[in-house]
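Close look at the chain arrangement
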Amino acid sequence: MLLKIVWKNIWAKKLNSFLCVLLMMFGISIISLLINIGNQLQSKFSKNISGIDMVVGAKGSPLQLILSGVYQIDAPTGNIPMKELEPLQNNPLIKQVLPLSMGDNYQGFRIVGTIYPYLKHFSADYASGRGFKNTMEVVIGANAAKKLNVKVDDTFTSSHGLEKEGEKHGDKSYKVVGILKYNNSVIDNLILCNLASIWEVHEHEESNHEEETHSEDQNITCALIKFRSPLGLMTIPRTINQNTNMQAALPAIEINRLFEHMGIGMDAFKALALAIMLISGISVFVTLYNALKERKYEMALMLSMGGKRIKLFFMLMLEGLILSISGYILGILVSRLGLWLASRMLDESFNFGLDQTVLQKEEIYLLIAALLVGIFAALIPSLGIYRINISKTLAND
Amino acid sequence: MLITNSLAFSYGNNNQFDFPNIKLKPKETLLILGNSGTGKTTLLNILALLIQPKSGSLIIEETETTGLNSAELTNFRAKNIGIIFQKPYFVNALNVADNLLLANYLGNKALDKGKMHALANSLGLHDLLRNKVQELSGGEQQRVSIARALMNTPKIILADEPTSALDDENCEKVADLLETQANAVGAALVIVTHDQRLKSRFSNQITL
């Protein structure tokens, strides 16, 4: 009966209730969307970064080098000769050098020439097939394989550049020898082969106008470096930047900088969303306050019929809470819808999906915040129950 | 059933009401008459246990109510007293049926749908149970108020100017209904009014 009264009262002033729920929904959904995108970006970014201490590549923007080399989302800064890596490979402070060579794609998925340890670095596992051994053999990441709908033993020809509409390398075709399991990292969207494959595809074209030997021309795009000790971090980047034609960029620093820039925008949005939530709270307050004024007679009537003040107090509180909780639930649903749309967009342009099923820890805090807004907004009007003088209110004409 | 002894009440120091003693048995009707400002509604509120008298004794069903605390008063009222207010107050968000059942709910009793239908039938409200109370006419609202006052089978029914807003025909009907319904549940009926039309009908009267 109590719930029925509460529900009927909410329903009796549909527009007011709708406004409260709508405002709460907007506040919650904006914050939840920001939290989700922020957290998932951050976790994807940090997962891909893990273990890579430094990236070397052609001079240019360090952030671009990191984005292209580690995350495979920006264009590369340029090429560097493979032989420039030799001093690094021999440096005792360096544990591992993972050269990467890119510049071609198949239907928008990047073909990356590398060495076998790159796969090991991600602890990649095979869903079917095996690793690349010979030139022109490729291993395909789980997501790329799914989207391209390829299987082991399929062949394809690559296109030049990183966009789908590149010029085709018609005469050389790659053969798929392995499909990777889902790795939740950047390799999910890559097509991997050995460095020689990339060189072979390009040498062929270049040799049309230049008759030169290969080994000097063996260019790579960048190399991911792991240090053996933190001492490397202190000295090597500076040496490279000052003494060679390459640049060294530190992923940790660049990504921190990136998130700092993004953080400013996110904070502004969060402040806006909090303001919307607050307005929703005020609207719940005004709705209930007016309701109490209008329903003063009803309340006095119910008190005269034996209703306890505490019961009526909870009845009003419940109205506020139901409004804010339904706002919260709708907000989370809307944010999931938003995530799904954003995920589809990101997937199309960056081959990067967002998970819509997980409830972030911060969203639990949001629920608490929504409850607090509801409680505080309902508290003052509800306390008005205790000030009602039954006989005076009902005798009032 | 209902016995009062030298009840008195004052809103300030200089404005004291001293009320005549009342003694009422079940199924008896008492008309309390008086002009405005003579304390009719105040006496009704005292009898309804909504305000406490300054002095005197008020015994309902062999219970001395002046000694009860406010929680006990609330329970006692819900159980024993049905009030029909001058203005028809309702919970506007609920329909007629739920407004009637509300009396059971607030009186801490099981919701008695059978009783609701029986009362609605005898008061001619049966087709209106699903309606909103605001959609009813003044006479219909008055009958819903009466039905609600009877939902918990009270020992005393208090009616405050129940007929003042009604035309002659409805006045007659409401008076009939009050009397027959009070008789049916075996309750004493107290009507506070200045309505001349009721004077000739009920012989047991006191004038303030």
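Being a predicted model, the structure only gives us computed values, none of them experimental.

Parameters at a glance
- Residues numbered from 1 in each chain as written.
- Chains lettered and ligands numbered in written order.
- Predicted model: local features only at pLDDT ≥ 70, side-chain atom pairs only at ≥ 80, totals over all residues.
- Heavy atoms only, no water.
- Helix = DSSP H or I, 4+ residues; strand = E, 2+ residues; numbered from the N terminus.
- Rg over C-alpha atoms; globule rule 2.2 N^0.38 Å.
- Buried < 20%, exposed > 50% of the residue type's maximum accessible area, 1.4 Å probe, protein only.
- Contact = heavy atoms within 4.5 Å.
- Areas by Shrake-Rupley, 256 points an atom, 1.4 Å probe, with all protein chains shown as cover.
- Pairing = 2+ DSSP bridges.
- Buried area = accessible area lost by both parts, 1.4 Å probe.
- Salt bridge = Lys/Arg side-chain N within 4 Å of Asp/Glu carboxyl O.
- Nonpolar A, V, L, I, M, F, W, Y, C, P; charged D, E, K, R; others polar.
- pLDDT = per-residue confidence, 0-100.
- Expected span 1.5 Å × (residues − 1).
- Axes fitted to C-alpha atoms, helices over the stretch in contact; angles between N-to-C directions.
- Core = buried A, V, L, I, M, F, W, Y, C linked by side-chain atoms within 4.5 Å.

Comments concerning the overall build of chain B
On a plain count of helices and strands, chain B comes out with seven helices and ten strands. Whereas a compact globule of 208 residues would reach a radius of gyration of roughly 17 Å, chain B reaches 17 Å, a difference of no more than 12%. For chain B, the C-alpha atoms occupy an extent of roughly 50 × 40 × 30 Å along the three principal directions. Relative to its 208 residues, chain B shows a buried fraction of 56%. Pairs at least 24 residues apart make up 70% of the contacts formed inside chain B by residues separated by at least 6 positions. Of the accessible surface of chain B, which amounts to about 8,900 Å², a share of 46% is contributed by carbon and sulfur atoms.

Comments concerning the pairing of strand S9 (residues 174-180) of chain A
Residue and element names in this part refer to chain A. Taken across its seven residues, S9 has six buried, putting it largely inside the fold. Relative to S9, strand S5 (residues 126-129) runs antiparallel, the two sharing three bridges. Residue pairing for S9: glycine 129 is matched across the bridge by glycine 178. Summarising the sheet, strand S6 (residues 137-140) and S9 pair through four bridges and their orientation is parallel.

A few points about the interface of chain B and chain A
Listed as interface residues are 27 residues of chain B and, on the opposing side, 25 residues of chain A. Both sides together, the interface formed by chain B and chain A hides about 2,300 Å², and carbon and sulfur atoms give 66% of it. Three residues stand out in chain B for area buried against chain A, namely B:Tyr89, B:Tyr105 and B:Leu106, and they jointly supply 28% of the buried area on that side. For the pair chain B and chain A, the number of links is one salt bridge. Close ionic contact of B:Asp98 with A:Lys4 constitutes a salt bridge, the shortest N to O distance being 3.0 Å. Listed by contribution, the elements that provide at least two residues to the side of chain B that touches chain A are helix H1 (40-47), helix H2 (70-80) and helix H3 (96-106) of chain B. Here the element with the most residues in the side of chain B that touches chain A is H3(B); it accounts for six residues. Looking at the side of chain B that touches chain A residue by residue, the classes come out as 15 nonpolar, eight polar and four charged.

Quick notes on the confidence of the model for chain A
Across chain A, the average pLDDT comes to 84, with 93% of residues at or above 70. Here residues 209-213 of chain A scores under 50 on pLDDT; set against residues more than four positions off or in separate chains, the count is zero contacts.

A short note on helix H2 (residues 14-49) of chain A
For an α-helix, 3.6 residues make a turn, and residues three or four places apart therefore share a direction. Its 36 residues place the ends of H2(A) 51 Å apart at the C-alpha level, agreeing with the 52 Å of an ideal helix rising 1.5 Å per residue. A:Gly51, located one to two residues past H2(A), shows a positive phi value of around 90 degrees.

A word on the confidence of the model for chain B
Residues shown with low pLDDT carry predicted positions that ought not to be read at fine detail. The share of residues in chain B with pLDDT of 70 or more is 100%, and the mean pLDDT across the chain is 88. Across the interfaces of the predicted complex, the ipTM metric reaches 0.89, alongside a pTM of 0.72.

Considering the sheet that holds strand S4 (residues 29-33) of chain B
Residues and elements named next belong to chain B. One open sheet accounts for five strands, arranged S7-S8-S9-S4-S10; its pairing is parallel. Where the open sheet ends on each side, the last strands, each with one partner, are strand S7 (81-84) and strand S10 (205-207). Across this sheet, the average inter-strand angle for adjacent strands is 15 degrees, counted without regard to direction. Two elements, strand S8 (residues 156-160) and strand S9 (residues 188-193), share five bridges in a ladder whose sense is parallel. Along S9, the bridge assignment pairs aspartate 160 with valine 192.

Structural notes on the nonpolar core
Of all hydrophobic cores here, the largest spans 102 residues; its most connected members are A:Met299, B:Leu2, B:Ile32, B:Leu47 and B:Leu102. The greatest single-element share of this core, amounting to eight residues, is contributed by H3(B). The contact partners of B:Leu102, leaving out residues within four places of it in the chain, are A:Met1, A:Ile5, A:Met302, A:Met305, B:Val91 and B:Leu94. Counting 31 residues, the second largest nonpolar core, distinct from the first, contains A:Met102, A:Tyr118, A:Phe122 and A:Val186.

Things to note about the pattern of salt bridges
All names here are of chain B. Throughout the structure, instances matching the rule amount to 15 salt bridges over all chains. A salt bridge links glutamate 161 to lysine 40, with the shortest nitrogen-to-oxygen separation between them at 3.9 Å. Placement of the pair is glutamate 161 in the loop between S8 and helix H6 (168-185) and lysine 40 in helix H1, with a sequence separation of 121 residues. Summarising the burial analysis for this pair, glutamate 161 and lysine 40 share the class buried. One salt bridge in this structure joins glutamate 179 and arginine 201, with 3.4 Å as the shortest N-O distance. With glutamate 179 in helix H6 and arginine 201 in the loop between helix H7 (196-199) and S10, the pair connects residues that are 22 residues apart, well separated along the chain. For glutamate 179, a relative accessible area of 26% corresponds to the partly exposed category. Salt bridges sharing partners connect three or more residues here, namely Glu172, Asp176, Glu179 and Arg201.

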